[in-house]
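Report on the structure
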Amino acid sequence: MARNRQPHATVLGMELVIGESASMKNQLPRIHSKRYDLRDATLRGIEDRHFIAATPKSHATVPSAKSLTSTIRRLDEGLPVVICLERMDAGLKQSLVRENIPFISEDGNVYLPFLGIQETPLLPIPAPLSPQAQRIALNLAAGRWAGVTASELAELCGKSKASITKYLREIEAIGPSLISTSGKNRVLDNSGKSREELLDLFEPYLVNPVKTRYRLTTPIDADVLANHNARLSGLSALPFFSDLAHDPSRLVVEISHEDIVALRGALGDAWQETAWSENASLIIEEWSYPIDVPSNSSMTCTNLECVDPWSLYAELISERFDDVRVEDAIEQLREHLYR
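Let me begin by describing the structure that accompanies this report.

What counts as what
- Residues numbered from 1 in each chain as written.
- Predicted model: local features only at pLDDT ≥ 70, side-chain atom pairs only at ≥ 80, totals over all residues.
- Heavy atoms only, no water.
- Salt bridge = Lys/Arg side-chain N within 4 Å of Asp/Glu carboxyl O.
- Helix = DSSP H or I, 4+ residues; strand = E, 2+ residues; numbered from the N terminus.
- Buried < 20%, exposed > 50% of the residue type's maximum accessible area, 1.4 Å probe, protein only.
- Axes fitted to C-alpha atoms, helices over the stretch in contact; angles between N-to-C directions.
- Parallel < 35°, antiparallel > 145°, perpendicular 65-115°, else oblique.
- Left-handed = near helix turned anticlockwise from the far one by under 90°.
- Contact = heavy atoms within 4.5 Å.
- Nonpolar A, V, L, I, M, F, W, Y, C, P; charged D, E, K, R; others polar.

This part is about the pattern of salt bridges. Side chains that differ in sign of charge can pair as their charged atoms come close. Under the defined criterion, the tally for this structure stands at 15 salt bridges. One salt bridge in this structure joins R144 and D308, with 3.5 Å as the shortest N-O distance. Residue R144 is found in the loop between helix 4 (131–141) and helix 5 (150–157), and its partner D308 is found in the loop between strand 14 (305–306) and helix 12 (309–316); the two are separated by 164 residues along the sequence. Of the charged contacts, one joins R213 and E285 as a salt bridge, the two residues approaching to 3.0 Å between their closest N and O atoms. Within this pair, whereas R213 is found in strand 10 (residues 210–216), its partner E285 is found in strand 13 (residues 282–287), the two being separated by 72 residues in sequence. Residue class for R213 comes out partly exposed when judged on its relative accessible area of 29%. For E285, a relative accessible area of 2% translates into the label buried. Linked through salt bridges whose partners overlap, the residues forming this network are R213, E285, E315 and E319.

What follows covers the packing of helix 4 against helix 12. One way to put it is that helix 4 packs onto helix 12 with a least axis distance of 9 Å and a crossing angle of 125°. On the basis of their axis angle, the class for helix 4 and helix 12 is oblique. Crossing of helix 4 over helix 12 shows right-handed handedness. Contact residues: helix 4 offers Q134, L138 and A141, while helix 12 offers W310, S311 and A314. Considered class by class, the residues forming the contact of helix 4 with helix 12 number four nonpolar, two polar and no charged.

Structure, rendered in structure tokens:
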């Protein structure tokens with residue numbers, strides 16, 4: 001809805017088309033065209049509904065919006081004015097609703113009383129995902145959890161329904177259409193988006209899933225690592241989703257907290273960590289959420305599985321590499337995700 005954005009969008013399942021500058025603006029005091037970009041708009045549903053889309057040229061204020069809508073209402077009683085914003089805060093939303101001023105914001109908040117659409121719950125501002133919300137988002141993008149209800153997510157994630165509600169709010173802030181309602185249940189929905197579209201949507205909010213790294217001085221036999229559910233991660237996993245060469249001399253693996261404790265106990269004094277200034281023979285990563293569907297693409301070569309390539313991508317784009325070969329391989333990994 002904002003200037004310089006695509007003129008087509010979707011509002012509650014209806015296509016919003018924003019056209020040329022509104023012809024009515026020539027009948028208005030110039031102060032309104034200084035404050036707002038006024039355009040003819042159509043909401044295409046069962047019946048097309050025409051209105052004026054008013055996008056603030058600077059900060060939106062309730063007095064200016066009230067003055068604009070009142071002036072246009074005097075000229076044409078049947079032509080609604082809708083204030084179009086990128087984001088909506090609670091104070092502005094309450095004030096506009098109190099003054100009965102319609103609005104649409106790109107974060108999913110809508111108030112169109114002339115269509116019988118009352119105010120929607122205020123959505124949070126998109127922010128970097130928490131670990132469990134990222135886990136859910138990436139499983140959705142990978143095509144695994146589409147259509148899953150909040151109750152089912154609670155079982156899949158081993159979390160309370162209250163926690164799942166919070167995670168879904170994080171996802172809804174990024175993509176309002178990704179959360180739907182069926183009866184009393186909230187449902188995770190890909191909204192017809194492709195894997196590439198979902199990755200584009202979530203990528204700015206992905207966080208590195210690595211919680212802690214242990215850098216060991218001596219390698220550990222692959223069978224021992226496999227017995228403790230180790231999976232290749234980081235630069236050790238990347239070669240199996242790209243043409244980067246695999247280097248078995250320096251392994252990076254992901255192991256759960258419980259398995260790290262067990263491995264450390266089994267190794268005893270053989271568990272020796274190296275200084276950050278020295279090269280490590282083995283790097284063990286503890287991640288902030290579990291891997292739901294690991295990859296077996298590395299089993300033949302290493303006898304170890306890989307972490308989920310979607311979460312691997314979230315790890316690698318959070319790191320900095322001064323190697324063009326690694327950067328190219330990460331781009332190949334990205335392309336692998338939506339094949």
